[in-house]
Amino acid sequence: MEGKMSWTVADAVDYKGFPADRSKTGGWMPAALILGIEICERLSTMGIAVNLVTYLGGTLHLPSSTSANVVTDFMGTSFLLCLLGGFLADTFLGRYKTIAIFSIIQTLGTGTLALATKLPQLRPPPCHGSHTCKQANGFQMGILYIALYLIALGTGGLKSSVSGFGTDQFDEKDEKEKSQMAYFFNRFFFFISTGTLMAVTVLVYIQDEVGRSWAYGICSVSMFVAVLIFLSGTKRYRYKKSLGSPIVQIFQVIVAAINKRKMKLPYNVELLYEDTPETSRIHHTDRFRFLDKAAIVGEGDLERNVGPAAAPNPWKLSPVTRVEEVKMMAALLPIWATTILFWTTYAQMMTFSVEQASTMERSVGGFQIPAGSLTVFFVAAILITLAVYDRLVMPLWKKWKGKPGFSSLQRIALGLALSTMGMASAAVAEVKRLEVARATGASATTGTLPVTVFILIPQFFLVGAGEAFIYTGQLDFFITQSPKGMKTMSTGLFLTTLSLGFFVSSLLVSVVKSVMGGSNGGQGWLADNINHGRLDCFYGLLAVLGVINFALYIVSAVWFKPRKSKPATLQMDTIVNGSSTAENKC
């Protein structure tokens, strides 16, 4: 019997609901089928985002700032909806059904976008002269928005569950599978970058040279094929039972603490309520003492609910471990807040930087580089940085410091510093571009300026290298420093920094457009034609904000105390790198 049990995974079942057979389910091959969905999602989302601004301005004739905000709102919504996808996966659907449903939604969205860009009735007529450009009407924009936000909804559902369902295919208690899970995480970001690389090269080229409807049709077909491949692994996947949404658990603690705000804490913390098994408990800490009131036992709190799993009402009384889990999440918020600005900087690489490129000389021999494909330098910076860090920096750092690489907080700091330098570089490049525009008398036109597009490479490279550090650093930090039962929640918290970064970009553009609209001879910093504006000042503003934000991050990082609890059940870093310590590691 014991030999038979060793072939099953304790906390996972197969597609029939029976204990998962280790030899027939899970492992690297099912996880690889799941990664196929992620590659196609990235291909669709980034292939659309990096070149959408040129379609909005060149075909739909929207102003520069409006085009930028359409793109950033689309991307921001995509990441924000990860919270909805995570909630549905944790509470109702499970990760498998969530991936299947939302991947189909994204397939429909890209198909709709292919139609929207194909039919002449869904776009305004071409310009005839410099003053007869008719903007897209409400109906045409409405169809475009339906397509974009179907894609955003699909992206949100997928991103919330793909990485989690991938890790479900490995058993943390088995040493061999634990090392395979580390390999899965190490390659997950590589697959994301591969999908992005295909998007900004092949897909953008097809959009510009063959037709957007063909490119978006390819996205739709590739996602549909990926769904079929994903479904083909149904019998080989391992499925883990949903434990309920961590968001609900957090609100339960907060509500209980607020209701007991007038009660005094006991002099001995051992008098606080605790019903968690000894091996899974988190010891009480003194931070955020207000939340401890949720664990005060009041009159009638210990009355049990009716049912086989009778327990006190969680909206009235929470155990100390649950309170400590909420404290752990609250302690992440300062770091969370100070990483948002990076993604605001990142947003400029897909909007204004692409607009800059569209006005510049992009020919190499007889080949014309699409403006959106300049982001290939961004992706190349990510891949080069990851390779250099993995093969050179980590071994040297281990010899010098005895640690395998920078801590997650150090990587985040590097990402923030590099993005700030990227914005400073972007401001310098824009000064040069505007000088050429004025010198050639081209400031009143939208023609190609006699200045090479390659002067934009430093800003793409610096921000790209910054993403390589900050993405891996954030993912490591939010998973290793959050409670074990809130892995999905912590991943969602990380993804909200991306979402809010794009929304902050939209807000900043709107504020600058409003406040600085009367400067620069009435054109403002963000004029409808960027040759009339002062985009260099906007980039300079982002660089200054980056310096201030970096200082705030340093203060937050010094204040934050990494959790060093010893029980193995609380170690989240085993999920990422297979180590057994609670330190921040690569």
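Residues numbered from 1 in each chain as written. Predicted model: local features only at pLDDT ≥ 70, side-chain atom pairs only at ≥ 80, totals over all residues. Heavy atoms only, no water.

### Topic: the overall build of the protein
Working step 1: Along its length, the protein carries 19 helices and six strands.
Working step 2: In the protein, buried positions account for 54% of the 586 residues.
Working step 3: Restricting the contact set of the protein to residue pairs at least 6 apart, pairs at least 24 apart contribute 80%.
Working step 4: Of the roughly 25200 Å² of accessible surface on the protein, 65% is carried by carbon and sulfur atoms. (Helix = DSSP H or I, 4+ residues; strand = E, 2+ residues; numbered from the N terminus. Buried < 20%, exposed > 50% of the residue type's maximum accessible area, 1.4 Å probe, protein only. Contact = heavy atoms within 4.5 Å. Areas by Shrake-Rupley, 256 points an atom, 1.4 Å probe, with all protein chains shown as cover.)

### Remarks on the side chain of Asn549
Working step 1: For Asn549, the position within the fold is in helix H18 (residues 535–559).
Working step 2: A relative accessible area of 9% means that Asn549 is categorised as buried.
Working step 3: Ignoring any residue separated from it by four or fewer positions in sequence, one finds Asn549 in contact with Thr338, Leu341 and Leu416.

### Describing the pairing of strand S6 (residues 449–452)
Working step 1: Because side chains alternate across S6, one face comprises the buried residues Leu449 and Val451, and the other comprises Pro450 and Thr452, none of which is buried.
Working step 2: Both strand S3 (residues 360–361) and S6 contribute to a ladder of two bridges, which runs parallel. Along S6, the bridge assignment pairs Glu361 with Thr452. (Pairing = 2+ DSSP bridges.)

### Looking at the pairing of strand S1 (residues 8–13)
Working step 1: The pairing of S1 with strand S2 (residues 19–21) spans three bridges and is classified as antiparallel. Residue pairing in the sheet places Thr8 in a bridge with Asp21 of S2.
Working step 2: Taking the residues between adjacent antiparallel strands as the criterion, S1 and S2 are bridged by five residues, where Gly17 takes a positive phi near 95°.

### What to know about the nonpolar core
Working step 1: Counting residues in hydrophobic clusters, the biggest one holds 135 residues, and the most contacted among them are Ile37, Phe230 and Phe538.
Working step 2: Considering every element that reaches this core, the biggest residue donor is helix H2 (residues 28–58), with 14 residues.
Working step 3: Setting aside its immediate chain neighbours within four residues, Ile37 contacts Ile99, Ser103, Leu158, Val162, Met223, Ala226, Val227 and Phe230.
Working step 4: The next biggest cluster of nonpolar side chains, apart from the first, holds eight residues, and it includes Trp397, Phe406, Ala465 and Phe469. (Core = buried A, V, L, I, M, F, W, Y, C linked by side-chain atoms within 4.5 Å.)

### Looking at the packing of helix H12 (residues 340–348) against helix H16 (residues 457–480)
Working step 1: Where H12 contacts H16, the axes come no closer than 11 Å and their chain directions differ by 145°. With respect to the hand of their crossing, H12 and H16 are arranged in left-handed fashion. Within the contact between the two elements, H12 uses Phe342, Trp343, Thr345 and Tyr346 and H16 uses Val463, Gly466, Glu467, Ile470, Tyr471 and Gln474.
Working step 2: Here the contact of H12 with H16 is built from residues that sort into six nonpolar, three polar and one charged. (Axes fitted to C-alpha atoms, helices over the stretch in contact; angles between N-to-C directions. Left-handed = near helix turned anticlockwise from the far one by under 90°. Nonpolar A, V, L, I, M, F, W, Y, C, P; charged D, E, K, R; others polar.)

### Some thoughts on H2
Working step 1: Compared with an ideal rise of 1.5 Å per residue, which puts 31 residues at 45 Å, H2 spans 45 Å between its outermost C-alpha atoms and is within 8% of the ideal.
Working step 2: The largest bend along H2 reaches roughly 50° and is located at Asn51. (Expected span 1.5 Å × (residues − 1). Bend = angle between axes of the 7 residues up to and from the residue.)

### Quick look at a nonpolar patch on the surface
Working step 1: Together, Val221, Phe224, Val225, Leu228, Ile229 and Leu231 make up a nonpolar patch on the protein surface, roughly 510 Å² of accessible area in all.
Working step 2: Mapped onto the fold, Val225 is located in helix H8 (residues 212–232). (Patch = residues over 30% accessible without salt bridge, like charges linked within 9 Å, V, L, I, M, F, W, Y side chains within 5 Å. Salt bridge = Lys/Arg side-chain N within 4 Å of Asp/Glu carboxyl O.)

### Focus on the packing of aromatic side chains
Working step 1: With the rule as written, the count across this model stands at 26 aromatic pairs.
Working step 2: Members of the aromatic cluster, each reached through a chain of ring pairs, are Phe79, Phe342, Trp343, Tyr346, Phe378, Tyr471, Phe477, Phe478, Phe494, Phe502 and Phe560. (Phe/Tyr/Trp six-rings, centres within 6.5 Å; stacked < 30°, edge-to-face > 60°.)

### Some points on the environment of Thr77
Working step 1: Turning to its location among the elements, Thr77 is positioned in helix H3 (residues 64–93).
Working step 2: Residue classification places Thr77 among the buried residues on the basis of a relative accessible area of 17%.
Working step 3: For Thr77 and Phe503, which are 426 residues apart along the polypeptide, the C-alpha to C-alpha distance reads 8.3 Å.

### Quick notes on the packing of H3 against helix H5 (residues 138–159)
Working step 1: In the contact formed by H3 and H5, the axes pass within 7 Å of each other and the chain directions differ by 40°. Classified by the angle between their axes, H3 and H5 sit oblique to one another. Judged by the twist between their axes, the crossing of H3 over H5 is right-handed. On H5, the residues touching Val70, Asp73, Phe74, Thr77, Ser78, Phe79, Leu81, Cys82, Leu84 and Gly85 of H3 are Tyr145, Leu148, Tyr149, Ile151, Ala152, Leu153, Thr155, Gly156, Gly157 and Lys159.
Working step 2: Classifying every residue of the contact of H3 with H5 by side-chain character gives 12 nonpolar, six polar and two charged. (Parallel < 35°, antiparallel > 145°, perpendicular 65-115°, else oblique.)

### Considering the pattern of salt bridges
Two side chains that carry opposite charge are able to pair once their charged atoms sit near each other.
Working step 1: Under the criterion given, the structure shown has 11 salt bridges.
Working step 2: Among the salt bridges present, the one from Lys327 reaches Glu324, with a minimum N-O distance of 3.0 Å. Of this pair, Lys327 and Glu324 both sit in helix H10 (residues 320–331), three residues apart, roughly one helical turn.
Working step 3: Taking relative accessible area as the criterion, Lys327 reaches 0% and is therefore assigned buried.
Working step 4: The class of Glu324 is buried, set by a relative accessible area of 0%.

### Digging into the side chain of Ser64
Working step 1: Tracing the backbone through its elements, the reader meets Ser64 in helix H3.
Working step 2: Residue classification places Ser64 among the buried residues on the basis of a relative accessible area of 4%.

### Regarding the environment of Ala427
Working step 1: By the element assignment, Ala427 lies in helix H15 (residues 408–439).
Working step 2: With a relative accessible area of 13%, Ala427 lands in the buried category.
Working step 3: For the pair Ala427 and Tyr539, spaced 112 residues apart in sequence, the C-alpha to C-alpha distance is 5.2 Å.
Working step 4: Filtering out sequence-adjacent residues up to four positions away, Ala427 remains in contact with Asp536, Tyr539 and Gly540.

### Some thoughts on the environment of Lys316
Working step 1: Along the polypeptide, Lys316 turns up in the loop between helix H9 (246–259) and H10.
Working step 2: Along the chain, Lys316 and Asp301 lie 15 residues apart, while their C-alpha atoms are 6.5 Å from each other.
Working step 3: Dropping the residues within four chain positions of it, Lys316 is found in contact with Ala256, Lys260, Ala294 and Asp301.

### Focus on unusual backbone geometry
Working step 1: Even without being a glycine, His61 presents a positive backbone phi close to 60°.
Working step 2: One can find His61 in the loop between H2 and H3.
Working step 3: By relative accessible area, His61 is classed as buried at 10%.
Working step 4: In this structure, Phe288 is a non-glycine residue whose phi angle is positive, near 50°.
Working step 5: For Phe288, the position within the fold is in the loop between H9 and H10.

### Let's talk about the confidence of the model for the protein
Working step 1: Overall, the prediction assigns the protein a mean pLDDT of 81, with 88% of residues at 70 or greater.
Working step 2: The secondary structure element of the protein with the lowest average pLDDT is helix H19 (residues 573–577), at 35, and the one with the highest is H18, at 93.
Working step 3: Low confidence marks residues 1–5, where pLDDT is under 50. Its contacts with residues over four positions away, or in another chain, come to zero contacts.
Working step 4: Counting interchain partners and residues more than four positions distant, the pLDDT-below-50 stretch residues 565–586 has 68 contacts. (pLDDT = per-residue confidence, 0-100.)

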